[in-house]
Amino acid sequence: YDRWAPIYDLVFGKVFDEGRRSTIAEADRIGGRVLDVGVGTGLELPMFSRKTRLVGVDLSEPMLKRAQDRVDRQGLGNVEGLIKMDAMNLAFPDASFDCAVAPYVLTVVPDPHATLDELARVTRPGGEIVLVNHIGAESGLIAAVEGWMGRRSADLGWRPEFPWSVIGDWIARRDDIVLTERRRLAPFGLFTLARMTRR
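So, a few notes on the structure that sits alongside this text.

**Things to note about the overall build of the protein chain**
Point 1. A tally of regular secondary structure across the protein chain gives six helices and seven strands.
Point 2. For the protein chain, the N- to C-terminal ordering of α and β elements is α-α-β-β-α-β-β-α-β-α-α-β-β.
Point 3. A burial count over the protein chain gives 51% of its 199 residues as buried.
Point 4. Contacts in the protein chain between residues far apart in sequence, at least 24 positions, make up 68% of those at least 6 positions apart.
Point 5. Surface exposure of the protein chain reaches about 9600 Å², of which carbon and sulfur atoms provide 55%.

**As for the environment of Asp58**
Point 1. With respect to the helices and strands, the residue Asp58 is situated in strand β2 (residues 53-58).
Point 2. With relative accessibility at 13%, the residue Asp58 sits in the buried group.
Point 3. In sequence terms Asp58 and Asp86 are 28 residues apart; their C-alpha atoms lie 6.8 Å from each other.
Point 4. Once residues within four sequence positions are removed from consideration, Asp58 is found in contact with Gly38, Val39, Gly40, Met63, Leu64, Ile83, Lys84 and Met85.

**Here's the deal with helix α4 (residues 112-122)**
Point 1. Those residues of α4 that sit buried are Pro112, Thr115, Leu116, Glu118, Leu119, Ala120 and Val122.
Point 2. Residues of α4 that are buried in the fold lie against β1 (33-37), β4 (97-103), β5 (123-134), α6 (165-172), β6 (177-185) and β7 (191-198).
Point 3. The opening residue of α4, the one whose side-chain oxygen lies 3.2 Å from the backbone nitrogen of His113, is Asp111.

**Thoughts on unusual backbone geometry**
In most cases, non-glycine residues show a negative phi, while peptide bonds are predominantly trans.
Point 1. We note that Ala95 has phi near 55°; this positive angle belongs to a residue other than glycine.
Point 2. Mapped onto the fold, Ala95 is located in the loop between β3 (79-84) and β4.
Point 3. Phi at Tyr104 is positive, roughly 60°, even though this residue is not glycine.
Point 4. Tracing the backbone shows Tyr104 in the loop between β4 and α4.

**A short note on the side chain of Asp36**
Point 1. With respect to the helices, strands and loops of the structure, Asp36 is situated in strand β1.
Point 2. Among buried charged residues, Asp36 stands out as having no salt bridge; its nearest opposite-charge side chain is Arg20, 7.5 Å away.

**Focus: the sheet that holds β7**
Point 1. The strand order across the open sheet built from seven strands is β3-β2-β1-β4-β5-β7-β6, with neighbouring strands paired in mixed fashion. Here the strands that pair on one side only, and so sit at the sheet edges, are β3 and β6. In this sheet, neighbouring strand axes are inclined to one another by 15° on average, regardless of whether the strands run parallel or antiparallel.
Point 2. With eight bridges connecting them, β6 and β7 associate as antiparallel partners. Directly across from Glu181, in β7, lies its bridge partner Arg195.

**Points about the nonpolar core**
Point 1. In this structure, Leu35, Phe92, Leu119, Leu131 and Ile167 are the most contacted members of the largest nonpolar core, which totals 30 residues.
Point 2. Mapped onto this core, the elements with two or more residues apiece are β1, β2, β4, α4, β5, α6 and β7.
Point 3. Setting aside anything within four residues of it in sequence, one finds Leu131 in contact with Ala102, Leu106, Leu116, Leu119, Ile167, Thr192, Leu193, Ala194 and Met196.
Point 4. In terms of nonpolar packing, the next biggest core, distinct from the first, is built from 21 residues, Ile24, Val34, Leu76 and Val130 among them.

**A short note on the side chain of Glu44**
Point 1. By the element assignment, Glu44 lies in the loop between β1 and β2.
Point 2. Once residues within four sequence positions are removed from consideration, Glu44 is found in contact with Arg20, Ile24, Asp36, Val39 and Pro103.

**Remarks on the packing of aromatic side chains**
Point 1. Throughout the structure, instances matching the rule amount to two aromatic pairs.
Point 2. The interplanar angle of 90° and the centroid separation of 5.1 Å between the aromatic rings of Phe92 and Phe97 together place this pair among those described as edge-to-face.
Point 3. Take Phe92: its relative accessible area is 11%, and that puts it in the buried class.
Point 4. On the basis of relative accessible area, Phe97 is assigned to the buried category, the value being 0%.
Point 5. Judged by centre distance (5.2 Å) and plane angle (85°), the ring pair of Tyr104 and Phe191 falls under edge-to-face. You can see Tyr104 sitting in the loop between β4 and α4 and its partner Phe191 sitting in strand β7, a full 87 residues away along the chain.
Point 6. Lying over the aromatic face of Trp164, Arg182 brings its terminal NZ or CZ to 3.9 Å of the ring centre.

Cut-offs and rules
Within each chain, residue numbers correspond to sequence positions counted from 1 in written order. With the structure being a predicted model, the display of local features is reserved for residues of pLDDT at least 70 and the display and counting of side-chain atom pairs for 80 or more, all residues being used for whole-chain, interface and lining totals. For side-chain calculations, the full set of non-hydrogen atoms in the structure is used, while hydrogens and water are omitted. We count a stretch as a helix when DSSP gives it H or I for four or more residues in a row; a strand needs E for two or more, and each element gets its number in order from the N terminus. Residue exposure (1.4 Å probe, protein chains only): buried if accessible area is under 20% of the type maximum, exposed if over 50%, otherwise partly exposed. Contacts: residue pairs with any heavy atoms within 4.5 Å of one another. All accessible areas in this document rest on Shrake-Rupley with a 1.4 Å probe, and a residue is counted as covered only by the protein chains that are shown. Two N or O atoms count as a polar contact when they lie within 3.5 Å, although within protein this holds only if one can serve as hydrogen donor and the other as acceptor, and sequence-adjacent residues are included solely when both atoms are side-chain atoms. When charges are counted, Lys and Arg are positive and Asp and Glu negative, with His and the chain ends excluded. For salt bridges, the criterion is a side-chain nitrogen of Lys or Arg within 4 Å of an Asp or Glu carboxyl oxygen. Strands pair, by our definition, only if DSSP identifies at least two bridges between them. Axis angles are defined between N-to-C directions and span 0 to 180 degrees, where every axis is a line fitted to C-alpha atoms and, for a helix, only to the segment in contact. Within this scheme, the nonpolar core is defined by two criteria: the residues are buried Ala, Val, Leu, Ile, Met, Phe, Trp, Tyr or Cys, and they are joined through side-chain atoms within 4.5 Å. For this analysis, a ring pair means two rings from Phe, Tyr or Trp (six-membered ring only for Trp) whose centres lie within 6.5 Å, classed as stacked if their planes differ by under 30 degrees, edge-to-face if by over 60, and tilted for the remaining angles. We call a charge positioned above a ring when the Lys NZ or Arg CZ atom is no farther than 6 Å from the ring centre and deviates by at most 35 degrees from the ring normal.

Encoded structure:
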């Protein structure tokens, strides 16, 4: 993703806009302190309410530098920090956040379950985890096309055939997580928003 940093906003800005806005609406509804995992260039940071306190993490230093430039330029005083960090090994104490958001992250991390475990760990009881991802078709022509695309996009770590079962199975094995909402988003229902509450 270091190579994508200079052109990320141009290439992915509009495509992922609805998912970002939907994620932010849920996080702002919860309020308090929010962890933004995979913050990238910080495209969504100005969209949050200024009352929502934000901490953003990402593995890419060039992305984080662009995010910091955006924070400085726009005077986003509600951003407490932007930190280089692995989503599968978050360096925060348990229950540090009221909400953790991870838009478009699960399909690119090597171990989605480890990432989900960390999101749950750093979210306080009663808080929420909000995800947006493309969920692959389960069968038919679209499933075949997504499989073909997945084999050709492995270098980016993108998995267009990503199944809901990765998230669903994780929820099923956890006593402390409840699926609150699952809905498709524009454009064309390509992306799915999932909200989970930590008991």
